[in-house]
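Report on the structure
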Protein chains: 2
Amino acid sequence: MARGRTAPRLVDVAERAGVSLATASRALSGREGVSPAVAERVQAVAAELGYVVNAHARSLAGGSASIVGLIVHQIDDPYFSEIAAGVISVAYEHGITVQICHSARDPENELRQIRTLVANNVRAIIVAGSGYVGDEVETAAKRELAAFQDTGGRVAVIGRHALRADAVLPDNEDAGAALAEHLVGLGHRQIAIASGTVNLTTVVDRLAGIERALADHGIDIDDLPLVEAEFTRDGGAYAAERILAEHPGSTAIIALNDAMAIGALATLRAHGVAVPSQMSVVGFDDVTVAADLAPSLTTVRLPMAEMGADALMMALKDPSSRPRRRHTGHELMVRDSSGPVRA
Amino acid sequence: MARGRTAPRLVDVAERAGVSLATASRALSGREGVSPAVAERVQAVAAELGYVVNAHARSLAGGSASIVGLIVHQIDDPYFSEIAAGVISVAYEHGITVQICHSARDPENELRQIRTLVANNVRAIIVAGSGYVGDEVETAAKRELAAFQDTGGRVAVIGRHALRADAVLPDNEDAGAALAEHLVGLGHRQIAIASGTVNLTTVVDRLAGIERALADHGIDIDDLPLVEAEFTRDGGAYAAERILAEHPGSTAIIALNDAMAIGALATLRAHGVAVPSQMSVVGFDDVTVAADLAPSLTTVRLPMAEMGADALMMALKDPSSRPRRRHTGHELMVRDSSGPVRA
DNA sequence: AGCGCTTACGAAAGCGCTTACGGCGGCCCG
DNA sequence: CGGGCCGCCGTAAGCGCTTTCGTAAGCGCT
């Protein structure tokens, strides 16, 4: 801070109001032990001077740092920005500010973000988005979070199984099952999967649900083509490209999130493949735009904003001895991108 | 911070390494004046203890707080989340963390966010998104920002004319002109406008460009139907609804951003109006999904991520005496949602 | 050996705030 | 009318860090 020595401090307010530092502090943070008259005067002076408390000093001195950290994989992915919006709205009601970090789906980076948040003395850390399967850095991150909790920090995760933290868990497996069930019900058997990288637990969970539902109908998921790609729009476009080229008999594509589904739809359109008459496409999440695509996307709705809000509320509540888990429901949104398999 | 009295402090590291506080501090922040041997030892101890510097204490003590604030209107709007991604990527390279605030397009709220950021001792504040026309609170915000600058803070704005701050300015007016030009070139004369609330400078600027281009062709914008609504997807849907009902002769809709255009397309689809054969639709921004809509959206591309990146870089550079302004170009993306007016 | 110079390091003074702790009136009660 | 209690407020001790300043040691030179 190369601050040029201005910005009113608490002393300035105190002096001007003719009270001590302690009284000014109490008056401004609305603590008791100050007569109404004095409190009002101090507040008036503060307003007049445009005083804002230095949050760092406050936090250092033991006042509660009213800031929480949110770590997302990719802020410009609607899935995460909708979660962020949910977190922010609750934070706002509580007068808390949110510091958003963006890990770019790099576990190493995520670890760094966690460290930064801890260094910023945040009250809580919310980690949104899939965990990483079998990643060593991931466990380093877990250690870091555990240490944070040991020192009184709160942690909540969204869509990630974690040891000791409160968690909001979307029902990825059941959602996958619902989607697979839907397609099978429409007569599809030649189903291709546009998958995100399988080091993501979300991907693994969704696949597990799909596998289960298909097995109920005597279909072995291992017999189905699965293209692994980035968990993004472009990944979906690429996966669809390969599915078209290598598995021309497919009648449906399950994309493991809406971003991939959008990419897949783009590829299909480019190749003149009609959806859903020639190919059904389904996704996961129900991002806002899913309903506005043409054809509108059949997907499984996850209440992202609500998940974000819930996670923060859990983190704000007094810690429970045992981690809370809230399982979110899912809702199959049947729209125009899926239809009966062509005769 | 109800931290339960743990978390290693600098003293702990210093003691353990057998050096003074000062030396430990210097060693860890890589300042000179420490012998390589000692520096290495201190760093080893710090790593061993899992020490992370308390950013608040550092900032208080005069170390630079490596945090910048970003204020956006709506984080779950792709326009803003793409800007945020741009800001974050640059921040990351510089080891800076970004605190994102979301003003929900409420100037009052925005003012509060600015105050919070100032209180958090941020190094810079980036304000993204349109300013508000003739809003008193807006000028309060300006005062606050000016005070922040006076105390050494840096300010950059994106898409907003500001007095003394560096600014990244999308070419809203020319973009509007280009779009209007495009439609007129296709033969459209009965053009309806789905406008965001006209208290937003972005809206005003875009309208000005449209007006100019239309005037060149002898069309008076005031003769055209304009529906004012929220600057969002739902606003666009509503505006299209009214345009359809009240101005059935329209052959084209200019939505003042892509979100509104998406809403408008949804309404048109619901009413069975073919795009572009019965109605052309164009938007502004070129959010990622615009190209993936069906029909793909004709729009004017603004380089959001780049704008965010530029804004942060300007804010990081040493202050110039005069505010810098960087005008971003625009690029007309002609896609499938606009076509010649039907004979 | 003595001089000045550089370099490595330590002591201590805060940064702006919160919060014990203690003092000083006024009130009630006996 | 005095003692105790309570409500209001001031004094001062830090929170964990950076940084100025000072000191001691090491160097090359005369």
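What you see as residue numbers is a count from 1 along each chain, following the sequence as written. A letter from A marks each chain and a number from 1 marks each ligand, given out in the order of writing. This being a predicted model, a pLDDT of at least 70 is required before a residue's local features are given, and a value of 80 or more before pairs of side-chain atoms are given or counted; all residues contribute to the totals for chains, interfaces and linings. The side-chain values count all of the structure's non-hydrogen atoms but skip hydrogen atoms and water molecules.

Examining the relation of the copies chain B and chain A
Put simply, the rule is: Fitting of the copies onto one another was done by least squares over C-alpha atoms, counting residues only where both copies have pLDDT of at least 70. A contact between two residues is defined here by any heavy atoms of the two lying within 4.5 Å.
Least-squares fitting of chain B to chain A yields an RMSD of 0.2 Å, with the superposition described by an axial translation of 0.1 Å and a rotation of 180°. Taken together, the rotation angle and the small translation identify this as a two-fold axis. The residues that chain B uses at the interface reappear at the interface of chain A in 100% of cases, marking a shared surface.

Remarks on the UniProt feature "domain: HTH lacI-type" (unreviewed entry) in chain A
Defined as follows: UniProt positions are given in the numbering used here, feature names are shortened, and annotations may be inferred rather than shown by experiment. Every helix listed is a DSSP run of H or I at least four residues long, and every strand listed is a run of E at least two residues long, numbered separately from the N terminus.
Residues given the UniProt feature "domain: HTH lacI-type" (unreviewed entry) here are residues 8–62 of chain A. What you have in residues 8–62 of chain A is 65% helix and 0% strand, and the ends, taken at the C-alpha atoms, are 21 Å apart.

Let's talk about the interface of chain B and chain A
The figure often quoted for interface size is the accessible area lost as the parts come together. Stated formally: A simple way to read buried area is as the amount of 1.4 Å-probe accessible surface that goes missing from two parts once joined, with both sides added. One side-chain nitrogen of Lys or Arg within 4 Å of one carboxyl oxygen of Asp or Glu is enough to make a salt bridge. For this classification, the nonpolar set comprises Ala, Val, Leu, Ile, Met, Phe, Trp, Tyr, Cys and Pro, the charged set comprises Asp, Glu, Lys and Arg, and every other residue, Gly included, is treated as polar.
Facing the 56 residues of chain B at the interface are 56 residues of chain A. Of the roughly 4800 Å² buried where chain B meets chain A, counting both sides, 57% is carbon and sulfur surface. A salt bridge links Asp292(B) to Arg233(A); the shortest N-O distance between them is 2.7 Å. For the side of chain B that touches chain A, the elements supplying multiple residues, two or more each, are α4 (55–60), α5 (78–93), β2 (97–102), α6 (107–119), α7 (136–150) and α11 (258–270) of chain B. Looking at the side of chain B that touches chain A, its residues break down into 27 nonpolar, 19 polar and ten charged.

Quick look at the packing of helix α8 (residues 172–185) of chain B against helix α9 (residues 201–216) of chain B
Residue and element names in this part refer to chain B. This is how the line gets drawn: Every axis in this analysis is a line fitted to C-alpha atoms, fitted for helices over the stretch in contact. Angles between the N-to-C directions lie between 0 and 180 degrees. Any angle that is under 35 degrees is reported as roughly parallel, and any over 145 degrees as roughly antiparallel; angles of 65 to 115 degrees are reported as roughly perpendicular and all others as oblique. Crossing chirality is assigned from the near helix's rotation relative to the far helix, an anticlockwise turn below a right angle marking it left-handed and a clockwise turn marking it right-handed.
It is the contact of α8 with α9, at a shortest axis distance of 7 Å, that shows an interaxial angle of 45°. In terms of axis orientation, α8 runs oblique to α9. The hand of the α8/α9 crossing is right-handed. Facing Asn 172, Glu 173, Asp 174, Gly 176, Ala 177, Ala 180, Glu 181 and Val 184 of α8, the residues of α9 in contact are Thr 202, Asp 205, Arg 206, Ala 208, Gly 209, Ile 210, Arg 212, Ala 213 and Leu 214. Each residue belonging to the contact of α8 with α9 can be placed in one class, and the counts come to seven nonpolar, four polar and six charged.

Some points on the sheet that holds strand β9 (residues 280–285) of chain A
Residue and element names in this part refer to chain A. Rules: At least two bridges found by DSSP between two strands is the condition for calling them paired.
Here we have six strands laid out as an open sheet, ordered β7-β6-β8-β9-β10-β12, and mixed in their pairing. Edge positions in the sheet fall to β7 (226–228) and β12 (331–333), since each of these pairs with one other strand and no more. Taken pair by pair, the neighbouring strands of this sheet meet at an average axis angle of 15°, ignoring direction. In this structure, β9 lies alongside strand β10 (residues 298–301), joined through four bridges in parallel fashion. Bridge pairing in β10 places Asp 285 opposite Arg 301. In the packing of helix α8 (residues 172–185) onto the sheet, the strands contacted are β6 (191–195), β8 (252–255), β9, β10 and β12, and the crossing angle to β9 comes to about 165°.

Here's the deal with the protein's contact with DNA strand D
To be explicit about the condition: We call a residue near a molecule or strand whenever a single non-hydrogen atom of that residue lies within 4 Å of it. Under the rule applied, a polar contact is a pair of N or O atoms within 3.5 Å (in protein, one hydrogen donor and one hydrogen acceptor; residues adjacent in sequence only if both atoms are side-chain atoms).
Taken together, 27 residues surround DNA strand D, and among them Thr23(A), Ser35(A), Leu10(B), Ser25(B) and Tyr51(B) come closest. When atoms of DNA strand D within 4 Å of the protein are sorted by moiety, sugar and phosphate together comprise 66%. Backbone polar atom of Leu10(B) to a phosphate oxygen of DNA strand D: 2.4 Å apart, as the coordinates give it. Between DNA strand D and Ala57(B) there is a distance of 3.4 Å, counted from a base nitrogen to a backbone nitrogen or oxygen. Along the lines of polarity and charge, the residues of the surface near DNA strand D split into 13 nonpolar, eight polar and six charged.

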